[in-house]
Amino acid sequence: MSELRRTAPLSVAVGALGSIRSAIITGLAIAFSGIGDANRFWVALGVGTAAAAIGTFGAWLKWHRLTYAIGAEDIRVESGVLSRSARSVPYERIQDVSLEAKPLPRLLGLVAVKFETGAGGADDLSLQYLSTAEGERLRQLVRERREDEQTGQAEPGAVAAPAAQADEGDVLFAMGPGRLLTFGLFEFSLAVFAVLGGLLQYVDNVTDLDVWNVDLWWGWLKEQGSTVATLGPYAQALGVVAGAIGLVIVGSATGVVRTFLRDWGFTLTRSARGFRRQRGLFTRTDVVMPVHRVQGLVIGTGLIRYRFGWHGLSFVSLAQDAESESHVVAPFAQMDELAPIVTAAGFRLPDDATAWQRASTRHRTDKALLDSALFVLAAIPVGVFGPPGLFLVPLGAAVVAVAANLYAWEFRRFALGEAQIFATSGFMSPTTRIATRLKLHSVEIAQGPLARLRGYATVHCGLAGGSFAIAGVPLAEARALRASVLETIASTDYSRLDGPLDQALSGAQSGFSANLAAT
Amino acid sequence: MDHAPALGASALPVDDDGALTRLHPNYSHALRVQTVLGAIPFLAVSLGLEFAQIAKGLLPQGAIAGPVLLIALALVIRIPQSRYNARGYQISADRLRVVRGFLWRSDTVVPFGRVQHIDVDQGPLERFFGIATLTLHTAGNHNASVSLPGLGEDLAREMREDIRAHIRRESL
């Protein structure tokens, strides 16, 4: 099985198309720049063709010089045209294998295969591009190899599922177009204006129109303004309202479009080996997360969507998702839809029996006072030097700060379950974090000068791949919390957990089952 | 358990809020030297300013360097002792507790079962005073490394062996 292989020959075509695209831009730039007078179109055509040819040759060379081998213990990739580099990734270090298909490769039936090792971002090994079937096969193979390694040393029969079934599992969560539309409306975003700004800059560079010329816009505004001024106050007010409605429509439309692009066909399935998430309209991604790699859960929500009962669930693990530290597994769902996913991950949601403990009221008071003090201090110079009445603005902000803090206290609480630890926090809507007690790595009680004076502390728990902190815990409770969490941790060694680095394969399976039993 | 008598650690009951073990007395000297080294740039700048203003005769002699020197002296006398007093550790059968911070206090417990690897470091100053820093690395994002400075050189190595032995015993 260790013969050298090359990536799909069609990936040369992807590279070639990319270089042709940039060649066209270069050609256009030359054609409109005025180099070479009358012959410039020929010059542009020549340069463009040459650029495309060189790019295509480069893509071919890169393809030709990149080989990979599926060994007995690792995957090796050798690459580089002039300077060669060889990388080897052992199977037991591969956290998961994800497949990504951007629009162009997808048309050609290709995928980029990425091996996540927890090394983070650019250091991960990736093969661009393999045929879809080859990608699937490779993923299957890596998984089988890992199982072989594990079952070779762990109790036999612990892994029951035959590999063929591994990818077919129950659909845990899926989002149809209707759900996506609702989700998109809540993803209200004015980012489109930033994009427009970028476009303006581009227009500025390409054409003679100087978009940053203030006089030009001022003249245009005055022209428009005089038209508006003739309409009278009611029409002006109407204009403002229309503008606001326009903003809302543009913002919502942006949200909907972005959501559709990102989450089209969102499906989360549970198979014997783990969770599998597929999503994306043009860029389709396919990520598999082994269950035992899940270190904790984060249930987030938003200011408005919380009022309608919508929540989002992410898994905290050492592997990184596109840009965030945790994997989104259900971006927009009702609580009862999240429950089965949480159960499948071996966690339990807090229920009525959960004994929530609130943060110290002293912490609430101190935080409210400190936050509002900033605004009160700001009000003094404004009151002295600013126009009369303006100092009411920072004072108003101070009142809002106090109110927000008092409200935030409602969400600041924690609970210690039998096997888990829960904490919620947030200003206007709660974010809930759930971690397995067994999978914490250290516990710290931190206190600032004020906290020491007033007898509360922040408890930081060491969680692999994420953070877990509880603020404003009364000191005695913080100590009790630490003592009971530590008792759980100290009873099991790291290697007996299904650790994120998979250090001791021998203990892996027993650790997993112990964890399941504990939850 | 052959390592246990060396520290008497395994005999201690698990009590995370119990009395702390003080660090090596030399550590307070090392801290003092560190503070002095930290104060030198400020003194140098203030002396420079002092000479510049003596030449112009704007302020009475010692108006700049005097207060700076006084503050530096006060800090050198007070701060290292307070920092030293605020620090401590507690080692028990299966965990290490590290307390540090004079104003911002932090009290961390690392169970040996979660230690990934252990470092014993000595800087030039630490070597001069015969002390060392013990650092425990964990897989958590918060407290990825917990360091305990100011241990006697031999004690630090002994503790490392102790923790290492614990890890090996656990994972067998």
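Residues numbered from 1 in each chain as written. Chains lettered and ligands numbered in written order. Predicted model: local features only at pLDDT ≥ 70, side-chain atom pairs only at ≥ 80, totals over all residues.

Topic: helix H8 (residues 233–263) of chain A
Residue and element names in this part refer to chain A.
Stage number 1. Taking 1.5 Å per residue as the helical rise, H8 with its 31 residues ought to reach 45 Å, and the 45 Å between its terminal C-alpha atoms agrees with that figure.
Stage number 2. As for H8, its buried residues are in contact with helix H5 (177–186), strand S10 (274–279) and strand S14 (326–334).
Stage number 3. Backbone geometry just after H8 places Gly-265 at a positive phi near 65 degrees. (Helix = DSSP H or I, 4+ residues; strand = E, 2+ residues; numbered from the N terminus. Expected span 1.5 Å × (residues − 1). Contact = placed C-beta atoms within 7 Å.)

A word on the interface of chain B and chain A
Stage number 1. Contacts between the two partners involve 24 residues from chain B and, on the opposite side, 32 residues from chain A.
Stage number 2. Those elements that provide at least two residues to the side of chain B that touches chain A are strand S3 (105–111) and helix H5 (153–171) of chain B.
Stage number 3. Here strand S19 (residues 440–447) of chain A runs beside S3 of chain B; their pairing, made up of five bridges, is antiparallel. Residue pairing for S3 of chain B: Ala-446 of chain A is matched across the bridge by Ser-106 of chain B. (Pairing = 2+ DSSP bridges.)

What about the confidence of the model for chain B?
All names here are of chain B.
Stage number 1. For chain B, per-residue confidence averages 83 on the pLDDT scale, and 88% of positions sit at 70 or higher.
Stage number 2. With pLDDT under 50 throughout, residues 1–13 is counted as low confidence; its partners more than four residues away or in other chains account for 18 contacts.
Stage number 3. As scored by the predictor, the complex reaches a pTM of 0.73 and an ipTM of 0.82. (pLDDT = per-residue confidence, 0-100.)

A few points about the confidence of the model for chain A
Residues and elements named next belong to chain A.
Stage number 1. The share of residues in chain A with pLDDT of 70 or more is 81%, and the mean pLDDT across the chain is 79.
Stage number 2. Contacts for the low-pLDDT stretch residues 152–166, under 50 throughout, to residues beyond four places or in other chains number 24 contacts.
Stage number 3. Taken as a whole, residues 499–519 scores under 50 in pLDDT and shows 52 contacts with residues more than four places along the chain or in a different chain.

So, the pairing of S10 of chain A
Residues and elements named next belong to chain A.
Stage number 1. Among the six residues in S10, five count as buried, and that is most of the element.
Stage number 2. As judged from the four bridges shared by strand S9 (residues 267–270) and S10, these two strands associate in the antiparallel manner. Counted as the bridge partner of Thr-267 is Gln-278 from S10.
Stage number 3. Two successive antiparallel strands, S9 and S10, enclose a turn made up of three residues.
Stage number 4. As paired strands, S10 and strand S11 (residues 284–290) are joined by six bridges and run antiparallel to one another. For Arg-277, the partnering residue across the bridge sits in S11 and is Val-287.
Stage number 5. Once S10 ends, the chain turns through four residues before running back antiparallel as S11, passing Gly-280 with a positive phi of about 115 degrees. (Buried ≥ 20, exposed ≤ 12 C-beta atoms within 10 Å, placed from the backbone.)

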